[in-house]
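Letter by letter, the chains look like this.
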Amino acid sequence: AQSVTQLDSQVPVFEEAPVELRCNYSSSVSVYLFWYVQYPNQGLQLLLKYLSGSTLVKGINGFEAEFNKSQTSFHLRKPSVHISDTAEYFCAVPLRQAGTALIFGKGTTLSVSS
Amino acid sequence: NAGVTQTPKFRILKIGQSMTLQCTQDMNHNYMYWYRQDPGMGLKLIYYSVGAGITDKGEVPNGYNVSRSTTEDFPLRLELAAPSQTSVYFCASSYTLYTGTPADTIYFGEGSWLTVV
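Here the structure is a predicted model, which means the values were calculated and not measured.

Here the focus is the overall build of chain B. When helices and strands are tallied, chain B shows zero helices and eleven strands. Over its C-alpha trace chain B gives a radius of gyration of 14 Å, about what one expects of a compact globule, namely 13 Å for 117 residues. Dimensions of chain B along its principal axes, counting C-alpha atoms only, are 40 × 30 × 30 Å. Taken across its 117 residues, chain B has 48% of its residues classed as buried. Residue pairs in contact within chain B that sit at least 24 positions apart in sequence constitute 55% of those at least 6 positions apart. Here chain B has roughly 5,500 Å² of accessible surface; of this, 54% comes from carbon and sulfur atoms. Between the mean site of the 8 positive side-chain charges and the mean site of the 9 negative ones, chain B shows a separation of 11 Å.

Listed below in structure tokens is the structure:
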């Protein structure tokens, strides 16, 4: 079965500092990886995804993630965060090989302060 | 463009009552999903559907039922509500051209807050 682990439940950072949110996955089949973001009192929206090709994936709002097959990781990074990046971030993988339903990690709350 | 619409947004249920969370999408998506979100637990997949008339269990299906009679609608039924079903419920949808490949993007509704007392 597929699974995803987000290693940090909360990440506090100061504005303009770099940030990395960690995600590790378990998969014995084709790897598809996603990051979603949830702003307060809203649904989730796609930040970026890895389906194939280049291991460095760029997403919206200046975020990027790198797929590392040997370490089974898909960490999310941003070189300089803004107050508006304060949100909860979820890493996700497909439920099973044949389906497109996603299962999500427990989430990482990114808190950006000035 | 409405996207994914869920109703009601807030509801308080008594233990043992039943209710249906409604979900409709206007994007002609073939896949639809129901998730629940609990603090510190992320989102858990309850049920999903790959098209009208086809549904499948997710990670936490017990205590819930779904049906998919049309492409647009995917209601979630709670039978005999229990306090453990207090949660925020999200409906979502996506389009997949080929079965077995991930959807391009999953679109989420704004959530339904349910409290069982």
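If you add up the space inside the largest pocket, you get close to 270 Å³. Lining the largest pocket are 16 residues, with Leu44 of chain A together with Val4, Tyr107, Phe108 and Gly109 of chain B positioned closest to its centre. For the lining of the largest pocket, the elements supplying multiple residues, two or more each, are β6 (44-50) of chain A together with β1 (4-7) and β10 (107-108) of chain B. Sorting elements by how many residues they give to the lining of the largest pocket places β6 of chain A first, with three residues. Tallied by class, residues from the lining of the largest pocket come to eight nonpolar, seven polar and one charged. Lining the second largest pocket are 17 residues, with Gln38 and Glu88 of chain A together with Gln37, Val88 and Phe90 of chain B positioned closest to its centre. Contributing elements (two or more residues each) for the lining of the second largest pocket: β10 (87-94) of chain A together with β4 (31-38) and β9 (87-94) of chain B. It is β9 of chain B that contributes the most residues to the lining of the second largest pocket, three residues altogether. The residue makeup of the lining of the second largest pocket, split by class, is seven nonpolar, seven polar and three charged.

All names here are of chain B. For Ala52, the location among the structural elements is in the loop between β5 (42-51) and β6 (54-57). When the C-alpha atoms of Ala52 and Ser69 are compared, they prove to be 5.4 Å apart, with 17 residues separating the residues in sequence. Apart from the residues lying within four places of it in its own chain, the contact partners of Ala52 are Arg68, Ser69, Thr70 and Thr71.

Reading the values: rules and limits
- Residues numbered from 1 in each chain as written.
- Chains lettered and ligands numbered in written order.
- Predicted model: local features only at pLDDT ≥ 70, side-chain atom pairs only at ≥ 80, totals over all residues.
- Heavy atoms only, no water.
- Helix = DSSP H or I, 4+ residues; strand = E, 2+ residues; numbered from the N terminus.
- Rg over C-alpha atoms; globule rule 2.2 N^0.38 Å.
- Buried < 20%, exposed > 50% of the residue type's maximum accessible area, 1.4 Å probe, protein only.
- Contact = heavy atoms within 4.5 Å.
- Areas by Shrake-Rupley, 256 points an atom, 1.4 Å probe, with all protein chains shown as cover.
- Lys, Arg positive; Asp, Glu negative; His and termini not counted.
- Charge placed at Lys NZ, Arg CZ, Asp CG, Glu CD.
- 1 Å grid on protein atoms, 1.4 Å probe; cavity = no way out; pocket = protein on both sides within 12 Å on 5 of 7 lines; lining within 4 Å.
- Points joined across faces, edges and corners; volume = space filled by probe spheres on them.
- Nonpolar A, V, L, I, M, F, W, Y, C, P; charged D, E, K, R; others polar.

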